[in-house]
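# Examination of the molecular architecture
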Amino acid sequence: MSGLTDLIYSGTDAVIGLTEGAVNDAIAAHGADEPIAFPDTAYFLPTIYAATGVKVTKLGDLPACVDVMKSLTTHEPEIGPALNAGLATAVGAEIIEALKYVGGANPYENEGGIGFVPDPIIRSLGVPLVTGDIPGVAVVLGKADDPADVAAIVRDYQDKGLLTTLVGDCIDQVAEQGVKMGLDYRVIPLGHDVTAVTHVVTIAIRAALIFGALEAGNLPALLEYTKERVPAFVNTFGTIGGVEVSAGAGAIALGFPVIVDFDLGDLAVPGALESETDHANTVAKSLALRNIKVKAKAVQLPVSFAAAFEGEIIRKKDCYVEFDSDHNPTVELVTMYDSPDDVEDRKVEIIGPAVPETSDELIRMPLATTVKVYGEKMQPDFESVIERKIHSWFNYIEGAMHTGQRNLFRIRISKASWEAGLRLEHFGEVLVSMILEEFGQVVDKVQVTFYTDRDLVQKFLDEVAMPRYRSRDDRLASLTDESVDEFYTCVLCQSFAPSHCCVVTPERLGLCGAVSWLDAKATKQLQDAGPSQPIPKEGCLDERTGRYTTVNEVVKEATHGAVENVTLYSLIEDPMTSCGCFECICGIMPEANGVVVVNREYAGMTPTGMTFGELASMTGGGVQTPGFMGHGRQFISSKKFIAAEGGPERIVWMPKELKDDVASRLNKTAKEAYGIDNFTDMICDETIATDSEGVLAFLEEKGHPALAMDPIM
């Protein structure tokens, strides 16, 4: 083992020297009081903060961190101390990368990588990680002898839905081979310098802080979390030197096995550092070492089909055909039938004109997507649940983009995917396969029909779909917390936040915004012992705050005793916990006698004096923080939103994008509940003020109702 540990120590010594020199040069150039920070994070320099609890904010804080690196590098021959030296390399890499941002620099603007990954992106990845849409995280590092090999491996990970990060010359190799890269494709080029590997390390570490609510400075708990809950591994290509070996030791210390593409001989460490010289076997070996299970998709297409393509944006200039409600009638409808004879299983047909095989101009056509389903356990309430999944499934198709729902949507097929053979029939095959795969417990037969004739689409929309939509809307409007006999848990996020449990009610979606009461009800039918379990609505202790004995009992059991009391409608009294992937945060602004609501996409300052990330650092990981609460966007316009404190009329500030998004629904609620017209015009946003005095002046000018309400605290 001495050969391996010698390599690790030599690499760590080199990194310590580079780091110490870089820190001294930076202090000499800028001064010890010069601020240092990564962009858009509440976790300072995350590796240092998580491991030691030290909040690095200025250059003068760094020499002590270099001393910590030295203390971790003991040069003992055993593998354990050598892995600690690998952690020292991770600290050094973080410092070197952070120095690139000093003075507000944007070091990766023209470098072919993105560098540091901000907190909001990590939070947005929370849901697909816990649902398995992102089954693992691959770190690809180095330069392959044959660029086609590394590109094939990255494509394979992409097809399997993994989040893949690239470090080194493999970035250029993968790009040259035409692999689609970027956050939208879940293939993220971090940077060409080996120190850029720290940016994937900080993803794992912040996952522990964001979702696990780990206490900064608790290194053993951090290493246990990353090993047990972050399914990551490292693939290296080409010759690696001491620095790369030492960085790999840091990865192993975090629980991430390293697979190299040359024969390690006696240097191999089973389960931690292994060889795979045949690139055709790299993916399978990597997944096996991390015990990552990838669910095979039952659909075969001429293009890739994976969750990795869900964020793909197809520009108009790259679009071959578009079905959109701006120019043509469109409709999507799932309908259940009571008799199996009414559904011809797995049939896909197109009624109307075919999409022209060739065209020099953008083709625009009407489209009705009609899905018939039959199943003995199928319920009318599940129609809309399946219907909403159409959006995700169509977006899994490489070169397809779907936005909207019901009769207001847009579908685009790219020129490249059309040339590859993607046709409308394939969209039908996707629906058949995915409905039977994901809803097979309640659906036995599926039939899909596309209408492309304008008159037929309009007729179907007017005579069939719109009455059905109205009936559903009436049903949903009648679904209030008072009208049902049970609520549901959702513990999907416990794989990352073990002490968190959502309580989903008809008027309160899961805080991720992705799980409604109907979704939870359907999930219970699909997975009897799954993440959503019913809570009998019994034992109301306090109607104002929404406190129930049954809710407390079930939440206590679901969180293994971590949370004993929770209310459904209060921000101050035992608020619901948050995992970390919430869409928004609500927090009290005492001087305005109201609350601010901020969404994770907003990067600026709020009137609380904190950014979203700073607010979120107090709120996630399954902890209860009275006065702060994570929640979904749609909950903002619910009459149950912080109802115990007065409801939505307490909202005094929101980012403009969020305010515009919820305006119609929130205005409707305010009119019905409080008799206020155009309530969102009374809500301040960042284009008006972010400081307390400016916000108060605006609220007084508008006569905001919160100013006249009883004190919120």
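Keep in mind that what you see is a predicted model, and the values were worked out from it rather than measured. (Residues numbered from 1 in each chain as written. Predicted model: local features only at pLDDT ≥ 70, side-chain atom pairs only at ≥ 80, totals over all residues. Heavy atoms only, no water.)

## Things to note about the overall build of the protein
The condition that has to hold: Helix numbers and strand numbers start at the N terminus; a helix is a DSSP run of H or I with at least 4 residues, a strand a run of E with at least 2. Only C-alpha atoms enter the radius of gyration, while the globule expectation follows 2.2 Å times N to the 0.38, with N the number of residues. Relative accessibility under 20% of the residue-type maximum defines a buried residue, over 50% an exposed one, and the middle range a partly exposed one, all with a 1.4 Å probe and only protein chains included. Here, Shrake-Rupley sampling with a 1.4 Å probe gives the accessible areas, and only protein chains in the shown set may cover a residue.
Secondary structure summary: the protein contains 21 helices and 23 strands in total. Taking 27 Å as the expected radius of gyration for a compact globule of 713 residues, we find that the protein reaches 27 Å, a close match to that expectation. Dimensions of the protein, computed from the C-alpha atoms along their principal axes, are close to 75 × 65 × 50 Å. Among the 713 residues that make up the protein, the fraction classed as buried is 57%. Approximately 27900 Å² of the protein is accessible, and the part contributed by carbon and sulfur atoms is 49%.

## Re the state of the cysteines
To be explicit about the condition: Cysteine sulfur atoms that pair up within 2.5 Å are treated as a disulfide.
All chains considered together, the criterion is met by zero disulfides. Considering cysteine sulfurs only, C502 is the nearest to C490, which forms no disulfide, with 5.9 Å between them. Here C540 is not disulfide-linked; the sulfur of C501 is the nearest cysteine sulfur, at 18 Å. Residue C540 is classed as partly exposed on the basis of its relative accessible area, which comes to 41%.

## Some thoughts on the environment of S286
Stated formally: Only heavy atoms enter the contact rule, under which two residues are in contact if any of them lie within 4.5 Å. In protein, a polar contact requires one atom able to donate a hydrogen and another able to accept it; more generally it is a pair of N or O atoms within 3.5 Å, and residues adjacent in sequence count only if both atoms are side-chain atoms.
In this structure, S286 sits in helix α12 (residues 282-289). Taking the C-alpha atoms as reference, S286 lies 7.0 Å from I259; in sequence the two are 27 residues apart. Excluding anything up to four places from it in sequence, S286 contacts Y157, F233, N235 and I259. Of note is the side chain of S286, whose polar atom sits 2.8 Å from the backbone oxygen of T282.

## Some points on empty space enclosed by the protein
The condition that has to hold: Here a cavity is any set of points on a 1 Å grid over the protein atoms alone where a 1.4 Å probe fits but cannot get out, and a pocket is any open set with protein on both sides within 12 Å along at least 5 of 7 lines; a residue lines the site when it has an atom within 4 Å of a point. Grid points are joined across faces, edges and corners, and a volume is the space filled by probe spheres set on the points. For this scheme, ten residues count as nonpolar: Ala, Val, Leu, Ile, Met, Phe, Trp, Tyr, Cys and Pro. Four count as charged, namely Asp, Glu, Lys and Arg, and the remainder, Gly too, count as polar.
Enumeration according to the criterion identifies two cavities of 30 Å³ or more in this entry. Taken as a whole, the largest cavity encloses approximately 220 Å³ of empty space. Around the largest cavity sit 23 residues that line it, and V197, V201, A247, G248 and A251 are the ones nearest its centre. The element contributing the most residues to the lining of the largest cavity is helix α11 (residues 242-253), with six residues. Broken down by class, the residue content of the lining of the largest cavity amounts to 15 nonpolar, seven polar and one charged. Its boundaries defined by the atoms lining it, the second largest cavity holds a volume of some 130 Å³. Here the lining of the second largest cavity gets four residues from one element, more than from any other, and that element is helix α9 (residues 198-210). Tallied by class, the residues present in the lining of the second largest cavity amount to 15 nonpolar, no polar and no charged.

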